[in-house]
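# Analysis of the macromolecular model
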Amino acid sequence: MDWETTTAQGLHITELSARYDAACKRVLSEKSILAWIMKSCLEEYQDCNVQEIAEKYIEGQPQVASVPVLPDEDGTVIHGMDTQDTSLREGTVTYDIRFRAIVPGTGEHISLIVNVEAQNDYYPGYPLLMRGVYYCCRMVSAQYGREFTGPNYGKLKKVYSIWICMNPPKGKENTINRYRLVEEHLAGAAKEAVDHYDLLSIVMICLGDPEAGGSESALRMLDVLFSDKTSVAEKKKILQEEYAIPMTQKLDQEVSSMCNLSEGVLRKGLARGRAEGMAEGRAEGRAEGMAEGILTSIQSLMKNIHVSAAQAMVILDIPEGERQKYLDLLEKQ
């Protein structure tokens, strides 16, 4: 395989991956999907029914950005500018999905600013949780001049950063963790009103196998939605029958598009990985070369279709007895 062919295939996979990423976010931005996530993960909505959350408490149309970007980088927005948070000193952060929600039972129009991030790479070179903390802090500080001016800090609104991790490591699959500020009594027992400090929370939703999914309704729903083992028709059936999510023409098209793009990324990544592995093996012409070729295939699949090493070896049909050898080789890279 020549360099030009390899580069062209890599660019095609990158384009497919970007389109798949955008399709996932459009599906997640549907109010009926967000409502299930809010009911399962946000304590303010645990006593509400999903339809009520979608129709009554989610304000306006959630805004979707095409690609999540790091601070100080440019980003393309599909529609609306509400996903961008700009600071002259800290640069621009583009959130995946951003919307406001009314807190039930407050008696007044209090909003939460909720940010949902779909994340493929659980280890992007830094702790993902720290990025969630930073996003929350940016959403809090960005309220100055928008929600309040001067010393009116009492008007600060609570913010959430919800991360949906599609390929978490073993031990974190099918879990939901929440991180927030709490009061600790180091001396005495004086108490402050909870809403005076409970202003930011990060929620990590780590997906896994739908068949072995956790007990949380939204967790299994997301497991099914993003599973590569469940057909498009079955996904739509489960969403309608188990979660009462109306399959509108728009949602029907978005789910189909997302699944088709996922299959395209998988096929292209698999073809490229196998081709690179075969080429590497032929060039070496001996056992070491074949091992390097298979290792290249594993790394290519991990990079191009965002799967774990274990998942890549299943796709490549590597015998179980040989898998530890490649895991050891990967650790040495």
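Report follows, based on the coordinates. Computed from a predicted model, the values in this text were never measured in an experiment. (Residues numbered from 1 in each chain as written. Predicted model: local features only at pLDDT ≥ 70, side-chain atom pairs only at ≥ 80, totals over all residues. Heavy atoms only, no water.)

Turning our eyes to something else, we now look at the overall build of the protein. A count of helices and strands for the protein gives ten helices and nine strands. Counting the 333 residues in the protein, one finds 45% classified as buried. For the protein, restricting intrachain contacts to residue pairs at least 6 apart in sequence, the fraction spanning at least 24 positions comes to 62%. Only carbon and sulfur atoms are counted for the fraction: they give 52% of the accessible area of the protein, which is about 17400 Å². (Helix = DSSP H or I, 4+ residues; strand = E, 2+ residues; numbered from the N terminus. Buried < 20%, exposed > 50% of the residue type's maximum accessible area, 1.4 Å probe, protein only. Contact = heavy atoms within 4.5 Å. Areas by Shrake-Rupley, 256 points an atom, 1.4 Å probe, with all protein chains shown as cover.)

What follows concerns the side chain of Lys235. When you line up the elements, Lys235 lands in helix H6 (residues 232-243). Relative accessible area serves as the criterion here: at 4%, Lys235 is assigned to the buried category. If we ignore the near neighbours within four places in the chain, the residues touching Lys235 are Val224, Leu225, Phe226, Ser227, Thr230 and Cys259.

Quick look at unusual backbone geometry now. Positioned with a positive phi, Asn174 is a non-glycine residue whose angle comes to about 55°. In this structure, Asn174 sits in the loop between strand S7 (159-165) and strand S8 (175-180). Given a relative accessible area of 16%, Asn174 falls into the buried group. Even without glycine at this site, Ala244 takes up a positive phi of about 50°. Its location among the elements puts Ala244 in the loop between H6 and helix H7 (249-284).

Counting buried positions along S7 gives seven out of seven residues, so the element sits mostly inside the fold. Burial along S7 is two-sided: Val159, Ser161, Trp163 and Cys165 facing one way and Tyr160, Ile162 and Ile164 facing the other are all buried. As for the winding sense of the linkage, the β-α-β connection from strand S6 (residues 111-119) through helix H4 (residues 128-141) to S7 is right-handed. As judged from the seven bridges shared by S7 and strand S9 (residues 200-206), these two strands associate in the parallel manner. The partner of Ile164 across the bridge, within S9, is Ile205. (Right-handed = clockwise from strand over helix to strand, strands pointing away. Pairing = 2+ DSSP bridges.)

The angle between the axes and the distance between the axes are what describe a pair of packed helices. Packing of helix H5 (residues 217-225) against H6 brings their axes to within 9 Å, and their N-to-C directions diverge by 160°. In this view, H5 runs roughly antiparallel relative to H6, as classed from their interaxial angle. The handedness of the crossing between H5 and H6 is left-handed. Judged by residue contacts, Ser217, Arg220, Met221, Val224 and Leu225 of H5 engage Lys235, Ile238, Leu239, Glu242 and Tyr243 from H6. For the contact of H5 with H6, a count of residues per class yields six nonpolar, one polar and three charged. (Axes fitted to C-alpha atoms, helices over the stretch in contact; angles between N-to-C directions. Parallel < 35°, antiparallel > 145°, perpendicular 65-115°, else oblique. Left-handed = near helix turned anticlockwise from the far one by under 90°. Nonpolar A, V, L, I, M, F, W, Y, C, P; charged D, E, K, R; others polar.)

Now for the environment of Leu128. Looking at the secondary structure, you find Leu128 in helix H4. Expressed as a C-alpha distance, the spacing of Leu128 and Cys165, which sit 37 residues apart in the sequence, is 9.8 Å. When sequence neighbours within four positions are dropped, the list of residues in contact with Leu128 reads Gln119, Asp121, Tyr122, Trp163, Cys165 and Met204.

Next up on the list: the nonpolar core. For soluble globular proteins, nonpolar side chains are generally found buried alongside one another. Counting 52 residues, the largest nonpolar core has Ile205, Leu222 and Phe226 as its most contacted members. Ranked by residue count, the leading element in this core is helix H2 (residues 31-41), at seven residues. Counting residues in hydrophobic clusters, the runner-up holds 15 residues, among them Ile113, Tyr122, Val140 and Met204. (Core = buried A, V, L, I, M, F, W, Y, C linked by side-chain atoms within 4.5 Å.)

Glancing now at the pattern of salt bridges. Here the structure, examined in full by the defined rule, presents eleven salt bridges. As a salt-bridge pair, Asp198 and Lys158 come within 3.0 Å of each other at their nearest N and O atoms. With a gap of 40 residues between them, Asp198 in the loop between S8 and S9 and Lys158 in the loop between H4 and S7 connect regions that are remote in the sequence. What makes Asp198 buried here is its relative accessible area of 10%. One salt bridge connects Lys170 with Glu173, and the closest N-O pair in it is separated by 3.8 Å. Connected through shared salt-bridge partners, Glu44, Lys158 and Asp198 make up one network. (Salt bridge = Lys/Arg side-chain N within 4 Å of Asp/Glu carboxyl O.)

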